[in-house]
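This is what each chain is made of:
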Amino acid sequence: MGLGFMIGVFGVLILSHAAYSTIQYRGLLKIMEEEFSGPPMNVVLELLLGFFFCIWAALTVPGNFLSIHPESEENRIVSLSANLDFMIFNHRAKVFPLEIDMKLKH
């Protein structure tokens, strides 16, 4: 497990703690019979920090982005099998005429 994965797990733990703190805060407000106007500032900071850690881990853990250009040297050669079972010719395009003879009116 790399550093990015551990930071992602830490981010999820921070988000879970922020959710638990908010639930606990709302319970305290019910006991004190006060209205909930929003979470405390420390919970908001936990949410932002946990969100940042999760986003950072999501962008770094999967690896490097690969090129999608067909001329790129990095592309793998992907060949289709010679099996014709997956070729479908009976689809919605058969309702359209093969040649559309539309002429502009002058």
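Everything that follows concerns the structure shown earlier in this document.
Quick look at the structure, then. Computed from a predicted model, the values in this text were never measured in an experiment. (Residues numbered from 1 in each chain as written. Predicted model: local features only at pLDDT ≥ 70, side-chain atom pairs only at ≥ 80, totals over all residues. Heavy atoms only, no water.)

A word on a nonpolar patch on the surface. A surface patch of nonpolar side chains, about 620 Å² in accessible area, is lined by Met-1, Phe-5, Met-6, Val-9, Leu-13 and Val-61. Tracing the backbone through its elements, the reader meets Met-6 in helix H1 (residues 3–32). Using a relative accessible area of 43% as the deciding quantity, one classes Met-6 as partly exposed. (Patch = residues over 30% accessible without salt bridge, like charges linked within 9 Å, V, L, I, M, F, W, Y side chains within 5 Å. Areas by Shrake-Rupley, 256 points an atom, 1.4 Å probe, with all protein chains shown as cover. Salt bridge = Lys/Arg side-chain N within 4 Å of Asp/Glu carboxyl O. Helix = DSSP H or I, 4+ residues; strand = E, 2+ residues; numbered from the N terminus. Buried < 20%, exposed > 50% of the residue type's maximum accessible area, 1.4 Å probe, protein only.)

Next up on the list: the packing of aromatic side chains. Inspection of every chain in the model, using the stated rule, returns 3 aromatic pairs. Ring centres of Tyr-25 and Phe-36 lie 6.2 Å apart, and the angle between their planes is 65°; this geometry places the pair in the edge-to-face category. Of this pair, Tyr-25 sits in helix H1 while Phe-36 sits in the loop between H1 and helix H2 (41–60), and the two are 11 residues apart along the sequence. Note on Tyr-25: relative accessible area 27%, which makes it partly exposed. Ring centres of Phe-52 and Phe-53 lie 6.1 Å apart, and the angle between their planes is 45°; on these two criteria the pair is classed as tilted. On the accessibility criterion, Phe-53 (18% relative accessible area) is buried. Sitting over the face of the ring of Phe-36, Arg-26 holds its NZ or CZ atom 4.7 Å from the ring centroid. (Phe/Tyr/Trp six-rings, centres within 6.5 Å; stacked < 30°, edge-to-face > 60°. Lys NZ or Arg CZ within 6 Å of the ring centre and 35° of its normal.)

Such coordinate-based values are descriptive only and should not be taken to indicate function.
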